[in-house]
There are 2 protein chains.
Amino acid sequence: MAETPPPRVMLSHPMLSPIEPALQAEGWRVARAWELAEADRLDVRAILHAGEVPLTPALLETLPELGLVACVSVGYDGVDVAWCRARGIEVTHAAGLNAEDVAEHALGLVIAAWRDIVAGDRMIREGLWTAKQGFAVRPSLRGRRFGVVGLGAIGQASAARAQAFGVDIAWWGPRPKPQAPWPRRDSLIDLAAWSDILLIASRATAENRGLISREVIEAVGPRGLIVNVARGALVDEDALIAALRDGRLGRAALDVFQTEPTPAARWAGIPNLVLTPHSAGGTRDGIPRMVGQAVENVRGFLAGQSLLSPVQEA
Amino acid sequence: MAETPPPRVMLSHPMLSPIEPALQAEGWRVARAWELAEADRLDVRAILHAGEVPLTPALLETLPELGLVACVSVGYDGVDVAWCRARGIEVTHAAGLNAEDVAEHALGLVIAAWRDIVAGDRMIREGLWTAKQGFAVRPSLRGRRFGVVGLGAIGQASAARAQAFGVDIAWWGPRPKPQAPWPRRDSLIDLAAWSDILLIASRATAENRGLISREVIEAVGPRGLIVNVARGALVDEDALIAALRDGRLGRAALDVFQTEPTPAARWAGIPNLVLTPHSAGGTRDGIPRMVGQAVENVRGFLAGQSLLSPVQEA
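So, here's what we can say about the structure. (Residues numbered from 1 in each chain as written. Chains lettered and ligands numbered in written order. Predicted model: local features only at pLDDT ≥ 70, side-chain atom pairs only at ≥ 80, totals over all residues.)

Right, let's talk about the nonpolar core for a bit. V110, I200, V227 and V229 of chain A together with V110, I200 and V227 of chain B are the most contacted members of the largest nonpolar core, which has 134 residues in total. Here V227 of chain A is in contact with A106, L109, V110, A113, I197, L199, I200 and A253 of chain A, once residues within four sequence places are set aside. (Core = buried A, V, L, I, M, F, W, Y, C linked by C-beta atoms within 7 Å. Buried ≥ 20, exposed ≤ 12 C-beta atoms within 10 Å, placed from the backbone. Contact = placed C-beta atoms within 7 Å.)

In structure tokens:
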């Protein structure tokens, strides 16, 4: 009698390579999507996936035994969940595991941009701090209006931290949340017009692409700051760049981009802008928790048990 | 009968030039220390001063009618208060008026340094964010140990904000504060060894120069971060630079320096370092409050009334 070979699981992207040893430690055979042998497609049962990367039906259709896409990330905007479920493929994600990490980075971006910390560092290093030339004085963060787009786990964790800085807080999202401790504005444009600082913390979906439109950007205005720690697709990036260039928007701080990695040339010469390389959600503390939960989801699936953190979607 | 001329007040440094119109609006004659006519020395009654700038007895002795040094700043480390008082010269400062502004900048420096926000911005702009080369993963701020040196108004406002990020907080200062909501460590070196992040928020005096010594810096250690928003003189800057260079200290973020403006060349090639140009305490909201209080002190002094915010010193 032939022995049953260990189950095969696939990594969808090279950025996930560091977790390969953890999968091998489970006794699974590991396949890599970027160097996949034809024969190996036939028995891939689960994919470990970085949820923001597009996972095309064209690829998924070549995997007859696939039953699970386990996202290591909180977001799963690269996965067509409805398409998967219609074919009996489950989708899981890292539910709520990095909200605190994203929130602390979000506040760091807010203060770094609002109080000119990145600009101040550059000024000193370029030798521009002299007895005659000091820094341009900025307003306090305290007392400003802090608007949050999307009051999920990240939005709430960010607002709770912002509160300690003495800002006024309001939010908008598509659904009212009667339990929320902060007032919901009637519309996104209303929130943007009210806000000195607008923090984007929404889940990205097929429906809300470009939600932060030219109109929303202009409503935040010449003295305002937009911070995005959610997904690049939520912002009309060309409109944001144009508004920064001609002063219709005061400032921006971005951790996420339309395409990632974003090219340096795209941002050259644009004023009042802080950029980080999609680093808000991945910390030495958070990544093992997220990978652990994804592996746990694969283990449960292979054992025929219920999933730990399936995507909850209508 | 000759009319009494309006009182003469003096600005001590060119950086205070922007407040000249406010003094003229009071009807005072304004003298400038950096272009002072001999005859004008004779009736200078008050000096508007930036407290961190040395105000030498050699200058003060040439001003026979001087009765007040009104610091626009919170700090007054450039003023020899005992020398002044022995000669009947009062000293006032901006008591507690910018603690919140300094605290928000302090937390901005903490997060920008701890979560690699300044380094991330530089990485993207230098084209170093590529599909193969991502960011170096950092620990969360949450759960770390946050030590505060000096629990005055700035230390307390910083700790209150840090608390919202889920850090453990402890402090050290020369005097116990039984009302403080956070535990005091037995010594500075004990606090430094305990801390992942050490925030310097002490008043600078003649006695605590170089308080943050090589030993304290090494106690914070290779994975630790030192943030200084107080005064450059509190830190042994050469020891700090050496420790950053060879990895005995992990990171630093500095808003204040041994000499200001600090020259760019001094910081070239030193890793894991965020610099801002003494901008923590001066905001568009705070500066008018501080200038207003200093002008109020001069007005009260000239009218023979009690002073609003005299320096409280043993």
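As a further point, take the sheet that holds strand β2 (residues 29-32) of chain B. Residues and elements named next belong to chain B. With parallel pairing, five strands are arranged side by side in an open sheet as β2-β1-β3-β4-β5. Of all strands in the sheet, those bounded by a partner on one side alone are β2 and β5 (90-92). Each neighbouring strand pair of the sheet contributes to a mean axis angle of 25°, computed without reference to strand direction. Bridging between strand β3 (residues 44-49) and strand β4 (residues 68-71) involves four bridges; their strand directions are parallel. Bridge pairing in β4 places I47 opposite V69. Across the face of the sheet, helix α11 (residues 286-302) comes into contact with β1 (8-11), β3, β4 and β5 while running at roughly 160° to β4. (Pairing = 2+ DSSP bridges. Helix = DSSP H or I, 4+ residues; strand = E, 2+ residues; numbered from the N terminus. Axes fitted to C-alpha atoms, helices over the stretch in contact; angles between N-to-C directions.)

Quick look at the pairing of strand β7 (residues 168-172) of chain B now. Residues and elements named next belong to chain B. Inspection of the sheet shows strand β6 (residues 145-149) paired to β7 by five bridges, in the parallel sense. Among the inter-strand pairings, F146 is bridged to a residue of β7, identified as I169. With respect to chirality, the unit in which β6 leads through helix α7 (residues 153-163) into the neighbouring parallel β7 is right-handed. (Right-handed = clockwise from strand over helix to strand, strands pointing away.)

Counting from both sides, the interface comprises 54 residues of chain A and, opposite them, 54 residues of chain B. Breaking the side of chain A that touches chain B down by element, the ones donating at least two residues are α5 (99-114), α6 (117-125), α7 (153-163), β11 (273-275) and α11 (286-302) of chain A.

All names here are of chain B. In this structure, I200 sits in strand β8 (residues 197-200). On the basis of neighbour counts, which here come to 27 C-beta atoms within 10 Å, the residue I200 falls in the buried class. Counting along the chain gives 19 residues from I200 to A219, while the straight-line C-alpha distance between them is 14 Å. If we ignore the near neighbours within four places in the chain, the residues touching I200 are V149, I212, V227, N228, V229, A230, L234 and V235.

Time to look at helix α6 (residues 117-125) of chain B. Among the nine residues that make up α6 of chain B, seven are buried, leaving the element largely enclosed by the rest of the structure. For α6 of chain B, the complete set of buried residues consists of I117, V118, A119, G120, D121, M123 and I124 of chain B. Taken together, the buried residues of α6 of chain B touch α5, α6 and β11 of chain A together with α5 (99-114) and β11 (273-275) of chain B.

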